[in-house]
Amino acid sequence: PMLGFCVDGKLVSLVVTGGRIMVIHAAVMVVASMVAAEPTEEQKKTEATEAHKKLDEAMGWLIGDWERESTVGGKKYTFTLSAKWIFDEQYIEITDSVKADGKLVTSGRITCVWDSCQNRLFRWGIGHEMSGYSTGIGEATAGPGVVFDITNIRAGGKTDKRKRWFTRIDAKTFRDER
């Protein structure tokens, strides 16, 4: 399977082969009257700045390290999440994990970007329990927060769909609903 989106005026593709995800950055493309033209440096900077602003507005509040603990059925659960800007602040990378009584239950890595071609949030992720990958389209919500409609593509081609919300409660608390 292959997915495509635009970042900073460049077409970016994700290709999944043999359980590995490869990111391919294609040539810069602006099409008008069937002729490809190279955007000016000023156009590239403007688009990159706008993409960063849109991503920052939707998800910038999540940057940092978060942890929460709860007890369910006598087990102590620890949820950790770390979000940071990567690649000239054009992407946000999120790593998260859940432990029960100190033993890893699940972990994953998500990369989020503002898709300037489609004018929307796009995310893809991998998790140790999936043996596959996931993609999603997101939108900002009140709170601040963001909700993603996610498709999980698992080993053997099995797919399932779900939503995932990240909602800020206060400066130290957010809710992650799956």
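Look up a bit, the structure's there.
Enquirer: Describe in detail the overall build of the chain, supporting the description with residues and values.
Expert: Per the secondary structure count, the chain includes one helix and 14 strands. Here the chain holds 178 residues, and 40% of them are scored as buried. Only carbon and sulfur atoms are counted for the fraction: they give 54% of the accessible area of the chain, which is about 10,400 Å².

Enquirer: Can you tell me about the nonpolar core, naming the residues and giving the values?
Expert: Counting 22 residues, the largest nonpolar core has Met59, Leu62, Ile94 and Phe166 as the members making the most contacts within it. Within the residue set of this core, elements represented by two or more residues are α1 (41–59), β7 (75–86), β8 (91–100), β9 (103–115) and β12 (145–153). In terms of nonpolar packing, the next biggest core, distinct from the first, is built from five residues, Ile86, Tyr91, Val113 and Trp124 among them.

Enquirer: Residues and numbers for the environment of Thr135, please.
Expert: The topology assignment puts Thr135 in strand β11 (residues 133–141). The class of Thr135 is buried, set by a relative accessible area of 12%.

Each value, and the rule that gives it
- Residues numbered from 1 in each chain as written.
- Predicted model: local features only at pLDDT ≥ 70, side-chain atom pairs only at ≥ 80, totals over all residues.
- Heavy atoms only, no water.
- Helix = DSSP H or I, 4+ residues; strand = E, 2+ residues; numbered from the N terminus.
- Buried < 20%, exposed > 50% of the residue type's maximum accessible area, 1.4 Å probe, protein only.
- Areas by Shrake-Rupley, 256 points an atom, 1.4 Å probe, with all protein chains shown as cover.
- Core = buried A, V, L, I, M, F, W, Y, C linked by side-chain atoms within 4.5 Å.

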